[in-house]
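Below, each chain spelled out in residue letters.
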Amino acid sequence: MSRAMPGGGAQPKYDVVTRWLHAALASAVVVDLALMSVMHVPPGPGLGVRDWHRQAFELHCRFGPVVAALCVLHWLWICLPFARPGVGYLFPWLRRDRRAVLGGEIRNLVRGTLPDPQELSPFVGSVHGLGLCAVTSSVIGGAISYLGYFTPIPVPGRILHWCTIELIVTSYFVWTFVIAHGFMAAVHTFAGRPQLRALP
């Protein structure tokens, strides 16, 4: 729910830092997903054919730390007590009272009724929370791959292989989040209730 400000106006649902971190992380994730869709993973450090698919892989790996840094900063910020709306907004199903509201929103969506754009929606928060978890999982696998390919740390080939599989699997979840995020914004826009400024 939007809180009242001392001057009488409604307090924004999302603080400025949350908005900027979300925008930066989302942009970085889309760039990295685009690179992942065309890259070929070499069989090992210094191995494989050097073509534009290999270059896309190297760009993806070198751009990955940017995504990782933004992801960590996002987590750190939303866990602070003064962040708005905070980490609890992303996981409403962890609280009984929010689960009830979430269930009501889902039932309303099935009937074609959108959440109130002036209120914090547990359903929208759930989509963002699941998306952030998917991005975080991808970042963990990518970090291990980065250490194995671009640092002297001896990461076994089998671990690199399974990290590659994990990155592929989590990338599908991240793509799902990106599409769902865009779909929600489009639905609100075409329904005459634009949310592009309200959603982080």
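Throughout what follows, the structure given in this document is the object of discussion.

Reading the values: the criteria
Residues numbered from 1 in each chain as written. Predicted model: local features only at pLDDT ≥ 70, side-chain atom pairs only at ≥ 80, totals over all residues. Heavy atoms only, no water. Axes fitted to C-alpha atoms, helices over the stretch in contact; angles between N-to-C directions. Helix = DSSP H or I, 4+ residues; strand = E, 2+ residues; numbered from the N terminus. Parallel < 35°, antiparallel > 145°, perpendicular 65-115°, else oblique. Left-handed = near helix turned anticlockwise from the far one by under 90°. Contact = heavy atoms within 4.5 Å. Nonpolar A, V, L, I, M, F, W, Y, C, P; charged D, E, K, R; others polar. Salt bridge = Lys/Arg side-chain N within 4 Å of Asp/Glu carboxyl O. Buried < 20%, exposed > 50% of the residue type's maximum accessible area, 1.4 Å probe, protein only.

On to the packing of helix H2 (residues 52–78) against helix H4 (residues 122–150), then. A pair of packed helices is characterised by two quantities: the angle between their axes and the separation of those axes. Running from N to C, H2 and H4 cross one another at 135 degrees; their axes reach a closest spacing of 9 Å. One way to sum up the angle between H2 and H4 is to call them oblique. In this structure, H2 meets H4 at a crossing whose hand is left-handed. Residues Phe57, Glu58, Cys61, Arg62, Pro65, Val67, Ala68, Cys71, His74, Trp75 and Ile78 of H2 touch H4, and the partners they reach there are Leu132, Val135, Thr136, Val139, Tyr146, Tyr149 and Phe150. Its residues assigned to classes, the contact of H2 with H4 comprises 14 nonpolar, two polar and two charged.

Turning next to the pattern of salt bridges. Using the criterion set out here, one finds one salt bridge in the structure. One salt bridge in this structure joins Arg95 and Asp97, with 2.8 Å as the shortest N-O distance. Exposure remark for Arg95: the relative accessible area of 49% places this residue in the partly exposed category.

What follows covers unusual backbone geometry. The omega angle of the peptide bond from Arg84 to Pro85 is 0 degrees, so this bond is cis rather than trans. Relative to the helices and strands, Pro85 is located in the loop between H2 and helix H3 (96–110).

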